[in-house]
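The residues making up each chain are set out below.
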Amino acid sequence: MTVTLKVTVTSPNVTVTSPTPPPMLRYIIRRLLQAIPLLFIISVILFLLMQNMGDPLATLGGRQVTRSEDRQRLARQLGLDKPIYIQYLYWLIGNDWTKMDLDGDGIPETPGRRKGVLRGDFGISLVSKRPVVEVIWDRLPNTLLLMGTTELVIIIGALVIGMYSALRQYSVLDHLITAISFIGYSMPIFFIALLSMYIFSVNFKRWGLPYLPTVGMFDPQVGKTPGQVALHMVLPVFSLSFIYFAAYSRYVRSAMLEVLSQDYIRTARAKGLPRPTIIFIHALKNASLPLVTVVGLDLPFLLAGAIVTERIFAWPGMGRLFIDHVSRGDTPVVMGILMMIAVAVVVFQILTDIVYAWLDPRIRYD
Amino acid sequence: MKGRTLYALLIIGVVLALLASCRPAATPTTPPPAAPATPTTVPPPTQPPVRKVATFIFTQEPDVLNPLYTNMWFSSITQQIWNCWAWDFDDQNTPRPVLVKEMPSVENGGISADGRVITLKLRDDIVWSDGTPITSEDFVFTYEMTMSPKNTVASTFPYDKLEKVEAPDPRTVVMTFKEPFAAWQATLWHGLLPAHVLRPVFEKEGTIDNAEWNRAPTVGCGPFVFKEWESGSFIRFVANEKYWLGRPKIDEIFIRIVPDDASQVAALKAGDGDLGTFIAYSDIPTLEQAGVQMVKVFSGYNEGWYFYLHPEKGHPALKDVRVRQAIALALDRFSICKDLLLGLTKPPATYWANTPWQDPTLEPWPYDPERAKQLLDEAGWKDTNGDGVRDKDGVELVLVHGTTTREIRRDVQAVAQQQLAQVGIKLELVNAEPDIFFGSYGEGGPCATGQYDIFQYSTTVNYPDPETADWLCKEIPSDENPAGTNWQAVCDEELDRLFKLQATQVDPAERQKTFHQISRIVFEKVYWLGLWEDPDIWAVGPRLKNVRLSGASPFFNIVEWDLSQ
């Protein structure tokens, strides 16, 4: 990533001047072109690493070891007995240009069916026998719903808490909020998740109080209504947010403190601007830069889901999909997920740079 | 001040919203979707009856439902819900005809005199859930699909033991085996494919690998019919109105996927699940306190010690039967069951405990450390150098004990080390992750390559069938036979002869006699030492009624299950 920062000597002001479109467009195109070899290298490395993640045919998820006859037959049928570079080639460009030996007589007789990633075919899952794109697509909305809501709660919460702490620095509530957010930060997610489940679901029900559901996305007796899904999201969103509040709110707090001591804020105050305008328009916008960096880096990983939280609350998201398929050595699905995240990282980094330029007019991409 | 008030109001608002969204702390009876949000204590008489929805918790999600394409236990146990076996097994492990009129036997002509031909007579009233009759063609089709090289089925066993499957008429299936196959009863026809649904797919695509039916078998032959599967979340089955053994009393089975054990326990306690399994012993007391009934079901798993007896590579002490007997007497397995497993299980006498295949007169070796010391003295293993460990001809009685990293196994190792030290046997403890521990000889697996003198785990093959190749001399792994399954490298001529004999005994009664001899030899010569019986533990919620569970086909009587509201 090559970002050229051109810092102007003029003092920061409150008016926003958009960067001229051509350099920005050129920058985006250049970044996208750079991403192609990068993604290729990533795919090769990941494919090689996946070969060491266990044999998908060892037990096939069962209680017993697969018979050696079945293992050999399946390896042949699924092309897992081919050299690694051939397997990668089939994954990348497909195998419909060649023939496969399915019956083990040494004569390739059946035409291949795979089109390869370059033609949009990510393959068939070794576990569920479904196209990888379908497998991922089933889970992505659930993950986006959970992680998007969580991110929103975290950002809003962090802004509220961070700003409050900055504006009321060293007040009792500032100390209290800091202490609580650091307790959350120090707790492992599984602990806070299970603790909240036992308090708000199991014990609240036992004590005759209104209680929250333990697991899943809805109550089967009621059905998958928006209300049910929202209700089932309360505990996972709470658990995830609780541990991330600290880091985010500290970023906002320190950035706000720094900005509030700047000359232009004093000038704005001296001009007699209303306090909300100073805080929300002039201070917050400039204080948001560190938060944008963190959020920009975090966003692509929202697609990956939250492995522990999804597991504990039985939320059918990408995190569980990933871990389930890694444990079964399901290369097509794991590669599909990882490549999707790799693409998302590239795209979100470009978007972050664009937002940077919008927030801080001093930044130019030449 | 104004700002503070704003924040306070915001916090109060959030708390109120949370409380409002919480469910009322009422009984689990919830009105159907159309009902008003506020529950009424007395429903109006015109209200339709509440659907009986039973929620099962699975800690693993089935990979596919097509029985040919999966080895997963959590997938196979659904087959009694939506698919059908030719016969399943009740809670006494007795075969129970489902698709056949009666179990084939030599007496009723179902099994030929040479044991190679088995004939099934199908019931007249069996139908798929779409009303299409189930015929012998479905059996032939299932066999053909298993054996077709174009289908990547999980295993061709036991259909590869067959020479052919024929359908002389729609109600008769004739199976001809290459040679008599004793395990037919426990292994054949676990699930059936609907030829009228899948044959067109095979003819069009050349394979059924990608058939929609594999994950969405909307046509089935069980008491319930597949309705919906949301990946990672749930699978729903609704009552099959056409089921020939009667409509189930429950309207819907909702299988919820909850991968975390602690969450499963919380969900069962909170009433968010009516049935769960794979419960840890330590969770049993609290679940019972919450009104959940715990049911132990034997499915052939018995935890035990295998002794590495390779003629060249094995420890010299273990080759002496008296030393193995001394180990059996010196290890207080009764205390292990009482203290570490909360007294909820007991030591098995042999590898085949809790099956009809174990000689019923056998009792586990008692705890008798004094007798153990005598036997070790008799065998010539004495502590000549005063280091607290017995020795003989310059060899110390130090044995390497290996097992997986499972918590309970580590605990047992520590106890065993202490107890055996009291009779002068030193155990060196080793643990390995399961994927390494269970590796074959070819993969360098520590058990298979003889890196442990004693190794501990539990396994079963084709339960309730006792057939096992783990004990045959020809299965001892070596460079020439890297996939060999006889990891303990035991080669007892008499045992080998009996194992070969039983594999050909198609008549279960004759086979049982042979197995009683086998179990006695394994017990007396301590080729395997049982630590604890390792049943599947099911948690049955207070709403579920008439539940009986079997080890081989757990939901065999699910049609009779009911749900109290």
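Computed from a prediction, not measured in an experiment: that's the story for all the values here.

Engineer: Just to check I follow, could you spell out the overall build of chain B for this structure?
Structural biologist: The helix and strand tally for chain B stands at 15 helices and 21 strands. Taken across its 565 residues, chain B has 45% of its residues classed as buried. Considering only contacts within chain B whose residues lie at least 6 apart along the sequence, 66% involve residues at least 24 apart.

Engineer: It is not clear to me how the overall build of chain A should be interpreted in this structure. Could you clarify?
Structural biologist: Summing up its helical and strand segments, chain A has 13 helices and two strands in all. Dimensions of chain A, computed from C-alpha atoms along their principal axes, come out at roughly 90 × 65 × 35 Å. Per-residue burial for chain A yields a buried fraction of 35% across its 366 residues.

Engineer: I'm lost on the interface of chain B and chain A in this one. Help?
Structural biologist: Reports often express the size of an interface as the amount of accessible area lost when the parts come together. Of the residues lining the interface, 51 residues belong to chain B; the matching set on chain A comes to 58 residues. Residue contributions to the side of chain B that touches chain A peak at five residues, all from helix α7 (residues 261-269) of chain B. Looking at side-chain class alone, the side of chain B that touches chain A contains 26 nonpolar, 14 polar and 11 charged residues.

Engineer: Could you clarify how one ought to interpret the sheet that holds strand β12 (residues 302-307) of chain B in this entry?
Structural biologist: Sheet strands pair via backbone hydrogen bonds, and the direction of the pair is either parallel or antiparallel. Residue and element names in this part refer to chain B. Pairing in this open sheet of five strands is mixed, and the strands run β16-β15-β17-β12-β18 from one edge to the other. Since the sheet does not close on itself, it has two edges, and those belong to β16 (426-432) and β18 (528-533), each with one partner. For this sheet, the mean angle separating the axes of adjacent strands, direction not counted, is 20°. Relative to β18, β12 runs antiparallel, the two being bridged by five bridges. Each bridged residue has a counterpart across the sheet, and for N302 the counterpart in β18 is E533.

Engineer: Whenever I open this one, the confidence of the model for chain B confuses me. Can you help?
Structural biologist: Close inspection of predicted coordinates is inappropriate for parts of the model with low pLDDT. Residue and element names in this part refer to chain B. When pLDDT is averaged across chain B, the result is 89; 92% of the residues are at 70 or more. Of the regions scoring below 50 in pLDDT, residues 1-43 engages in 33 contacts with residues more than four places distant in sequence or in other chains. This complex was scored by the predictor with a pTM of 0.84 and an ipTM of 0.83.

Engineer: Hey, could you run me through the environment of V160 of chain A in this one?
Structural biologist: Residue and element names in this part refer to chain A. Along the chain, V160 turns up in helix α4 (residues 132-167). The exposure class assigned to V160 is partly exposed, which follows from the 18 C-beta atoms found within 10 Å. It is 9.6 Å that separates the C-alpha atoms of V160 and R253, two residues lying 93 residues apart in sequence.

Engineer: What should I look at first to understand the pairing of strand β8 (residues 234-239) of chain B in this one?
Structural biologist: Every regular strand shows the same layout, with side chains that alternate between the two sheet faces. Residue and element names in this part refer to chain B. Inspection of the sheet shows strand β7 (residues 224-230) paired to β8 by six bridges, in the antiparallel sense. Looking at the pairing, W229 lines up with I235 of β8. Hairpin connection of β7 to β8: three residues between the antiparallel strands, including G232 at a positive phi of 80°. Two elements, β8 and strand β9 (residues 252-257), share five bridges in a ladder whose sense is antiparallel.

Engineer: Would you mind showing me how to read the sheet that holds strand β5 (residues 162-169) of chain B here?
Structural biologist: All names here are of chain B. Taken in spatial order, the three strands make up an open sheet running β4-β6-β5, and their pairing is antiparallel. Across the chains shown, the open sheet's two edge strands, defined by having one partner strand only, are β4 (117-121) and β5. Averaged over all adjacent pairs, the angle separating strand axes in this sheet is 15°, with direction ignored. As paired elements, β5 and strand β6 (residues 172-177) share five bridges and run antiparallel to each other. Along β6, the bridge assignment pairs E166 with V174. With respect to the sheet, helix α4 (residues 136-147) is in contact with β5 and β6, its orientation differing from that of β5 by roughly 160°.

About the thresholds
Residues numbered from 1 in each chain as written. Chains lettered and ligands numbered in written order. Predicted model: local features only at pLDDT ≥ 70, side-chain atom pairs only at ≥ 80, totals over all residues. Helix = DSSP H or I, 4+ residues; strand = E, 2+ residues; numbered from the N terminus. Buried ≥ 20, exposed ≤ 12 C-beta atoms within 10 Å, placed from the backbone. Contact = placed C-beta atoms within 7 Å. Nonpolar A, V, L, I, M, F, W, Y, C, P; charged D, E, K, R; others polar. Pairing = 2+ DSSP bridges. Axes fitted to C-alpha atoms, helices over the stretch in contact; angles between N-to-C directions. pLDDT = per-residue confidence, 0-100.

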